[in-house]
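What follows is the residue order along each chain.
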Amino acid sequence: MAVETAYRGLEELGVPAGTTVLVHGAGSTVGYAAMQLAVQRGAQVIATAGETYSGALRAVGADVTGYGDGMVERVRALAGGPVDLALDAAPVSNALPGLVRTVKAPEHVLTLSDFAAADELGVRASVGTDTNLRHDVLGGYAQLASEGRFSVPVARTFPLEDWRTAAELSQSGQARGKLVLRIG
């Protein structure tokens, strides 16, 4: 799901090689996947993330900065001016007005989550529907993952009988990665 959403978002945003892309929420599983996909496309990636994944994001090729106060100025300093495009992969956090200030025009921002603010700010929004989902790309990224060239953070693995504990952690918003249920 994270790979499909990230791939679709970058496709809708239109990320060619040579562009500077801000991936906001690169510590989320969708953002983490999007950052890797953008790097593989030849984009310069600036990622916003907390300390949990900042080292891993840098290792894959992103310039990383934190969230919060001063984010717009830090992003623009890393890019040497406005970024070309911005992908909002974070949960709704009232960050969209700041993301608009990192680009030249609001339509250069695409959000995967903050649909209400997108309408107000002139930002594009990506909503998965039966007609635009990109399941066709999953096999290729599964192959890259098996070769160690692509990953999505796994926070924890649970035996199947502990599914309730996994569901509670998932619903808490504190998982910090995918949760895996294993059989046997």
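All values derive from a computational prediction rather than experimental measurement.

## With respect to the pairing of strand β8 (residues 178-182)
Piece 1. The pairing of strand β7 (residues 154-159) with β8 spans five bridges and is classified as parallel. For Arg156, the partnering residue across the bridge sits in β8 and is Leu179.
Piece 2. Handedness of the crossover is the feature at issue here: the chain leaves β7, passes through helix α8 (residues 163-172), returns alongside β8, and the resulting connection is right-handed.

## Quick word on the confidence of the model for the chain
Piece 1. Mean pLDDT over the chain: 90, with 98% of residues reaching 70 or higher.
Piece 2. Put simply, helix α7 (residues 138-146) is where the chain has its lowest mean pLDDT, 76, and strand β4 (residues 85-88) is where it has its highest, 98.

## As for a nonpolar patch on the surface
Piece 1. A cluster of nonpolar side chains, namely Leu160, Trp163, Leu181 and Ile183, defines an oily patch on the protein surface of about 440 Å² accessible area.
Piece 2. With respect to the secondary-structure elements, Trp163 resides in helix α8.
Piece 3. Here Trp163 falls in the partly exposed class, since its relative accessible area comes to 45%.

## Thoughts on the packing of aromatic side chains
Piece 1. As enumerated under the stated definition, the model contains one aromatic pair in all.
Piece 2. Ring geometry for Tyr32 and Tyr53: centres 5.6 Å apart, planes at 70°, overall edge-to-face. One end of the pair, Tyr32, is in helix α2 (residues 29-40); the other, Tyr53, is in helix α3 (residues 51-60), and 21 residues separate them in sequence.
Piece 3. Overall, the relative accessible area of 14% leaves Tyr53 in the buried class.

## So, the sheet that holds strand β6 (residues 124-125)
Piece 1. What the six strands build is an open sheet, ordered β3-β2-β1-β4-β5-β6; its pairing is parallel. Every interior strand has two partners, whereas the edge strands, β3 (63-65) and β6, have only one.
Piece 2. Note: strand β1 (residues 20-24) against strand β2 (residues 44-48), five bridges, orientation parallel. Residue pairing in the sheet places His24 in a bridge with Thr48 of β2.
Piece 3. Its contacts with the sheet put helix α1 (residues 2-13) on β4, β5 (109-111) and β6, and the angle it makes with β4 is roughly 150°.
Piece 4. Across the face of the sheet, helix α4 (residues 71-79) comes into contact with β1, β2 and β3 while running at roughly 160° to β2.

## Looking at the nonpolar core
Piece 1. Counting 34 residues, the largest nonpolar core has Leu57 and Tyr141 as the members making the most contacts within it.
Piece 2. The set of elements that each furnish at least two residues to this core consists of α1, β1, α2, β2, α3, β4 and α7.
Piece 3. Excluding anything up to four places from it in sequence, Leu57 contacts Ala26, Tyr32, Met35, Ala47, Ala49, Ala62 and Val64.

## Concerning α1
The α-helix advances 3.6 residues per turn, and as a result positions three or four apart in sequence lie on the same side.
Piece 1. If you check α1, its first and last C-alpha atoms are 16 Å apart, about what twelve residues at 1.5 Å a residue would give, namely 16 Å.
Piece 2. Most of α1 is tucked away, with ten of its twelve residues classed as buried.
Piece 3. Inspection of α1 places Ala2, Val3, Glu4, Thr5, Ala6, Tyr7, Arg8, Gly9, Leu10 and Leu13 among the buried residues, and these make up the whole buried set.
Piece 4. Residues of α1 that are buried in the fold lie against α2, β4, β5, β6, α7 and β8.
Piece 5. Where α1 ends, the next residue or the one after it, Gly14, has phi of about 80°, a positive value.

About the criteria used
Residues numbered from 1 in each chain as written. Predicted model: local features only at pLDDT ≥ 70, side-chain atom pairs only at ≥ 80, totals over all residues. Heavy atoms only, no water. Pairing = 2+ DSSP bridges. Helix = DSSP H or I, 4+ residues; strand = E, 2+ residues; numbered from the N terminus. Right-handed = clockwise from strand over helix to strand, strands pointing away. pLDDT = per-residue confidence, 0-100. Patch = residues over 30% accessible without salt bridge, like charges linked within 9 Å, V, L, I, M, F, W, Y side chains within 5 Å. Areas by Shrake-Rupley, 256 points an atom, 1.4 Å probe, with all protein chains shown as cover. Salt bridge = Lys/Arg side-chain N within 4 Å of Asp/Glu carboxyl O. Buried < 20%, exposed > 50% of the residue type's maximum accessible area, 1.4 Å probe, protein only. Phe/Tyr/Trp six-rings, centres within 6.5 Å; stacked < 30°, edge-to-face > 60°. Contact = heavy atoms within 4.5 Å. Axes fitted to C-alpha atoms, helices over the stretch in contact; angles between N-to-C directions. Core = buried A, V, L, I, M, F, W, Y, C linked by side-chain atoms within 4.5 Å. Expected span 1.5 Å × (residues − 1).

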